[in-house]
Amino acid sequence: MIDINNIGESLYELAKVLFPINRSITGNGVRETLDIIDANLPIKFNRYEIPSGSKVFDWQVPQEWHAKEAWIKAPNGEVIASFAENNLHLVGYSTAFQGKLTLEELKKHLYSLPDQPKAIPYVTSYYSKRWGFCLSHEQLSELSDDGDYEVYIDSSHFDGHLTYADYLLPGESEKEILLSSYTCHPSMANNELSGPLVTIAVLCWLYQQPHRKYSYRFVLTPETIGAISYLAHNLEHLKQKVFAGFVLTCIGDNGDYSMLESRYGNTLSDRAAKTILKQEFPERYQYYSFLKRGSDERQYCAPGIDLPIASLMRTKYGVYPEYHTSEDNLDFISPEGLEGGFQLVQKTIASIEANAYYTINCLGEPQLGKYGLYPTTSQKGSSQIVRNLINVIAYCDGQNDIFDISEITGVPVLEVIEHISKLDAKGLVSMQSEKKS
């Protein structure tokens, strides 16, 4: 079970269990992953099976793929690439094959990274039938052409299902914040075990909260085709209910914190994430335009879909050299990295939960002393706290939400929330969901 009080270590231990599973866009690896996730939560995700061949917008759900065994044996009998040793050795969705080939013939089916000679690349061929193996460039360079290589791939493609899961955690409002990550990557830790791990940690944290203003929709789905399938089956509801949300990906390493904007970069999701990054991680954050997209924000923000979804990350996908290689392993993520990713999402959500337009309930500046909001003694730092409170009050005119107030006054948004909470407890402010007319 996820321990919310020891989130980093708890998630890292779960990563160790999930890491070896061969996940793909379909198949038992996705289902096994969801089974293990369910076993570590106070709830169970709802699971859906979309039949192969189903039309989902402009796409079609592919056949299910199952790989049992795959290897290459050198002329001397040595196994040089084994699916059992590392599932990245087999190109994702490889067709079955058995035979003997010369090195020249075999190389047409081999993939390596010359500029990262020790890394096994991650290669897939979801929509074109082929077979292949991935190996380090060091291995490839050492292959001898003295004899034939034996190749064996026991895999199958068949009409089955694509599996995705979701869970709706209700709040006081039916308005929803969507958190989405994906379950299709084999044996890579940051991309993509960290996304679903941080997603379920946020679920556990919100589950324990006595009050939630908004409802939360958690989605775990294979990347691209899974998100498209989810949207095809839920779009009308999502467009009516979802007002903010995030794709969580590559969020467990020790690098900088980052976000990728929604299509126009002007949603509440964008404002909240940018504010938290700038104020809470001032020396360690990056913004990326939607033009740099590459994850499921592409699907959620596509024309006609137009959901207000941004992406939250540590080091962005495609930026770190370990990305889509065997070097994105359990050593690349850390308990501290996962906990930091969780804190980024937690603080961003907390700011959205507290966001509203506030109006002060008296004419003129309130006499803070009689409400116990003015210090009775003067000490270093106390004057700035009072100054910040007074500045927050000055812009509680029904025209500014908490992000506006923070930007105008320079008071961090989480401190703005604290001040408004104190004012609310004394009956000094009224809250509106919309700007005062």
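Relevant structure appears above.
Now for a look at the structure at hand. Quick caveat, the model's predicted, so the values are computed rather than measured. (Residues numbered from 1 in each chain as written. Predicted model: local features only at pLDDT ≥ 70, side-chain atom pairs only at ≥ 80, totals over all residues. Heavy atoms only, no water.)

## Here we look at the sheet that holds strand S6 (residues 97-101)
Then, number 1: An order of S5-S4-S9-S6 is seen for the 4 strands of this open sheet, with the pairing classed as antiparallel. A single partner strand is all that each edge strand has here, and the edge strands are strand S5 (79-82) and S6. Across the sheet, the axes of successive neighbouring strands diverge by a mean angle of 10°, strand direction being ignored.
Then, number 2: Note that strand S4 (residues 64-73) and S5 share 3 bridges and pair antiparallel. Paired with Lys73 across the two strands is Val79, which belongs to S5. (Pairing = 2+ DSSP bridges. Helix = DSSP H or I, 4+ residues; strand = E, 2+ residues; numbered from the N terminus. Axes fitted to C-alpha atoms, helices over the stretch in contact; angles between N-to-C directions.)

## Focus: the environment of Glu9
Then, number 1: Residue position: Glu9 is located in helix H1 (residues 7-18).
Then, number 2: On a C-alpha basis, the gap between Glu9 and Ala244 in space is 29 Å, while along the polypeptide they are 235 residues apart.

## As for unusual backbone geometry
Then, number 1: Of note, the amide linkage connecting Asn191 to Glu192 takes the cis form, showing an omega dihedral of 20°.
Then, number 2: Within the fold, Glu192 resides in the loop between strand S11 (176-182) and helix H5 (194-207).
Then, number 3: With a phi close to 55°, Phe57 is a non-glycine residue in the positive phi region.
Then, number 4: Its location among the elements puts Phe57 in the loop between strand S2 (55-56) and strand S3 (59-60).
Then, number 5: The exposure class of Phe57 is partly exposed, given its relative accessible area of 39%.
Then, number 6: Positioned with a positive phi, Thr224 is a non-glycine residue whose angle comes to about 65°.
Then, number 7: Relative to the assigned elements, Thr224 resides in the loop between strand S12 (215-221) and helix H6 (225-241). (Buried < 20%, exposed > 50% of the residue type's maximum accessible area, 1.4 Å probe, protein only.)

## As for the sheet that holds strand S1 (residues 46-51)
Then, number 1: Across the sheet, which stays open at both edges, the 8 strands sit in the order S1-S10-S12-S11-S13-S16-S14-S15 with mixed pairing between neighbours. Strands with a single pairing partner mark the edges of an open sheet, and in this sheet they are S1 and strand S15 (285-288). Between one strand axis and the next, the sheet turns through 20° on average, direction left out of account.
Then, number 2: As paired elements, strand S13 (residues 242-248) and strand S16 (residues 309-313) share 4 bridges and run parallel to each other. Among the inter-strand pairings, Gly245 is bridged to a residue of S16, identified as Ile309.
Then, number 3: Most of the contacts of H5 go to S12, to which it runs at about 155°, and overall it touches strand S10 (161-169), S11, S12 and S13. (Contact = heavy atoms within 4.5 Å.)

## A closer look at H5
Then, number 1: With 14 residues, H5 should reach 20 Å at 1.5 Å per residue; the first-to-last C-alpha distance of 20 Å fits that figure.
Then, number 2: Of all 14 residues that make up H5, 13 are buried, and the element is covered over most of its length. (Expected span 1.5 Å × (residues − 1).)

## Re the environment of Ile4
Then, number 1: Residue position: Ile4 is located in the segment before H1.
Then, number 2: Placed 157 residues apart in sequence, Ile4 and His161 show a C-alpha to C-alpha distance of 34 Å.
Then, number 3: When near neighbours in sequence (up to four residues on either side) are disregarded, Ile4 contacts Ala201, Cys204, Trp205, Gln208 and Phe342.

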